[in-house]
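# Coordinates in review
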Number of protein chains: 2
Amino acid sequence: MSPAHARDPRGSDSVRSQRIAGILRDEILAGDLTPGTWLRQDELAARLGASRIPVREALRILESEGLTESFPNRGARVPVLSLEDVNTYYRMRERLEPLTLTESLSRLTDQHLARLERIQDEIENQSDINRFLLLDRDFHMTSYSACPSGHLLAMTERLWNSTQHYRRAFMVLADPDRATIVNAEHRLILDAVRRRDPEDCERYLTGHIRRTRVELTAHPELFVDSDDASGRPAVS
Amino acid sequence: MSPAHARDPRGSDSVRSQRIAGILRDEILAGDLTPGTWLRQDELAARLGASRIPVREALRILESEGLTESFPNRGARVPVLSLEDVNTYYRMRERLEPLTLTESLSRLTDQHLARLERIQDEIENQSDINRFLLLDRDFHMTSYSACPSGHLLAMTERLWNSTQHYRRAFMVLADPDRATIVNAEHRLILDAVRRRDPEDCERYLTGHIRRTRVELTAHPELFVDSDDASGRPAVS
DNA sequence: TGCCACAGGATTGGATCCAATAACAAGACT
DNA sequence: AGTCTTGTTATTGGATCCAATCCTGTGGCA
């Protein structure tokens, strides 16, 4: 879990602040902590059985991953993204992830390919939204997993994490037969990966991300009025 | 300075940890703190007149910008990048910065254009390396400065900062008449910006970054053996 | 009624002290 | 000789306390 952020090559999160960061990260990605939620140091310290110091460290770690944002003397919260923010994140993904995939492509083993196939099979044989979110992420991350650059991988993961909540919100109101399109795209990507064809990989992956962006940003109701993204209460 | 990281919309770094982070950031970018340098909390606290707490916060902030890396129970240091690391960073730049420029393009004012022209004029009329590094950065950042997405700008700035040291190291041994090529590229970018032509902007900017990458990575002597990038002493 | 000043509470930022961990060196045992 | 063990020291991680800042609500005043 979160391999790109493991600062401890050998051990793990034997350090308190990293354990806390891990817990909060999971809660944010799972949707338990939604955008706009303020993360109070006292409350987190009490809930997680530690003092405020490791909590502060954890909030900084999460901030570096784009999962929280902090304001001096005012605290930290899960960022509220506007439609434009998400649009930009996706455009960044359209540029970056094809590179990640290309870098990974030549190093993918047969085990990786088998795993991709298995994941995609499961995606097509279930209909739970949260399960889909996990599997979809797993599909793409597996395809990137042989990328030799930790920096590039971390960046890719960060872009995924930052937009996770809005992907989930989108899924609950998405056209049910959108799944057909997603599966077709995944199959094309998988085939291109199997053929080790970087050009087709980039083509279909870019298309996949782009189409998702277009559909996602066609639903402005998923986003708040860009006013209160300031962190300051609206002036009513 | 460092507008993308200003967490305080109104104020500034009235907070100690941010002042410290700012100082260290400047020292790293100026080349005073070179890759591999360990940043001891005690020493920094004494030198900057604060306790270790804001120093720890500052190191986290810098880590989130890619300017330092920290290891549990072992401390923080300026990252040592391998040739492959820098290569990857540049490839990321080739993908991302054309997007940043395109997003900025339509919002650039005549003042921005005049400023770009002024910067490029000065680049062509001086030969100091450190001055060039500043002006070159200023040229590109100005061309991006109208980008409405803070996230995209921050990412772009981060990629620049992370590779700053190696750009400087490269400059000192670069072919003197390399300047001719850089200037030609800058002029083409500037012209495309003036014509508000996103396609040419992306073409020439991508080429500019790519050519720099190819030349830079043709000098493996700028990089350490990728062994001791681990942060752990070599096994002799 | 509307607005500004001010005080009280809540929350974060920083300092100091103590605990835990890791690098280092010296010594014992095979 | 080499390796494993064991103290020692340097350095980071965490807890507690205090200071500084911000938000809120209340009261005075035009």
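Reading the values: rules and limits
Residues numbered from 1 in each chain as written. Chains lettered and ligands numbered in written order. Predicted model: local features only at pLDDT ≥ 70, side-chain atom pairs only at ≥ 80, totals over all residues. Heavy atoms only, no water. Least-squares fit on C-alpha atoms with pLDDT ≥ 70 in both. Contact = heavy atoms within 4.5 Å. Buried < 20%, exposed > 50% of the residue type's maximum accessible area, 1.4 Å probe, protein only. Helix = DSSP H or I, 4+ residues; strand = E, 2+ residues; numbered from the N terminus. Arc of directions from axis to C-beta. pLDDT = per-residue confidence, 0-100. Buried area = accessible area lost by both parts, 1.4 Å probe. Salt bridge = Lys/Arg side-chain N within 4 Å of Asp/Glu carboxyl O. Polar contact = N/O pair within 3.5 Å; in protein donor to acceptor, adjacent residues only side chain to side chain. Nonpolar A, V, L, I, M, F, W, Y, C, P; charged D, E, K, R; others polar. Near = heavy atom within 4 Å.

For the rest of this paragraph, the subject is the relation of the copies chain A and chain B. In this arrangement, two copies of a chain are superimposed by a rotation about an axis accompanied by a shift along the axis. For the pair chain A and chain B, the best superposition has an RMSD of 0.0 Å and corresponds to a rotation of 180° with a translation of 0.0 Å parallel to the axis. Taken together, the turn and the small shift mark the pair as related by a two-fold rotation axis. If distances are taken from each C-alpha of chain A to the rotation axis, the shortest is found for serine 64 of chain A, at 2.1 Å. Both copies share a contact surface, since 100% of the interface residues of chain A are interface residues in chain B too.

With that settled, the discussion passes to helix H2 (residues 41-48) of chain B. All names here are of chain B. Listed as buried for H2 are Leu44, Ala45 and Leu48. The buried residues of H2 occupy an angular sector of 100° when projected down its axis, which confines them to one face. Exposed residues pointing more than 90 degrees away from the buried face of H2 are listed as Asp42 and Ala46. Buried residues in H2 make contact with helix H1 (16-30), strand E1 (38-39) and helix H3 (52-64). Within two residues after H2, glycine 49 carries a phi angle of roughly 65°, on the positive side.

Time to look at the confidence of the model for chain A. Any segment with low pLDDT has predicted coordinates that should not be analysed in fine detail. All names here are of chain A. Averaged over all residues, the pLDDT of chain A equals 90, while 89% of them reach at least 70. Contacts for the low-pLDDT stretch residues 1-11, under 50 throughout, to residues beyond four places or in other chains number 22 contacts. Throughout residues 232-236 the model reports pLDDT below 50, and contacts reaching past four residues in sequence, or to other chains, amount to two contacts.

The subject of this paragraph is the interface of chain A and chain B. Contacts between the two partners involve 36 residues from chain A, matched on the other side by 36 residues from chain B. For the pairing of chain A and chain B, the buried interface totals around 3,300 Å² over both sides, and the portion due to carbon and sulfur atoms is 56%. Run the count over chain A and chain B and you get eight salt bridges. In this structure, the salt-bridge partner of glutamate 57 of chain A is arginine 60 of chain B, at a minimum N-O distance of 2.9 Å. The interface formed by chain A and chain B holds eight residue pairs in polar contact (both at pLDDT 80 or more) in total. Mapped by element, the contributors of at least two residues to the side of chain A that touches chain B are helix H1 (16-30), helix H3 (52-64), strand E2 (69-71), helix H4 (83-105) and helix H7 (150-172) of chain A. The dominant element in the side of chain A that touches chain B, judged by the number of residues it contributes, is H4 of chain A, at ten residues. Taken together, the residues that form the side of chain A that touches chain B break down as 13 nonpolar, eight polar and 15 charged.

Right, let's get into the protein's contact with DNA strand D. Every one of the 19 residues lining DNA strand D counts as a neighbour, but Arg16, Ser51 and Arg74 of chain A together with Arg52 and Arg56 of chain B are closest to it. Residue arginine 16 of chain A places a main-chain N or O atom 2.8 Å away from a phosphate oxygen belonging to DNA strand D. The backbone of serine 17 of chain A places a nitrogen or oxygen atom 3.3 Å from a phosphate oxygen of DNA strand D. Going through the elements one at a time, H1 and H3 of chain A together with H2 and H3 of chain B are the ones with two or more residues in the surface near DNA strand D.

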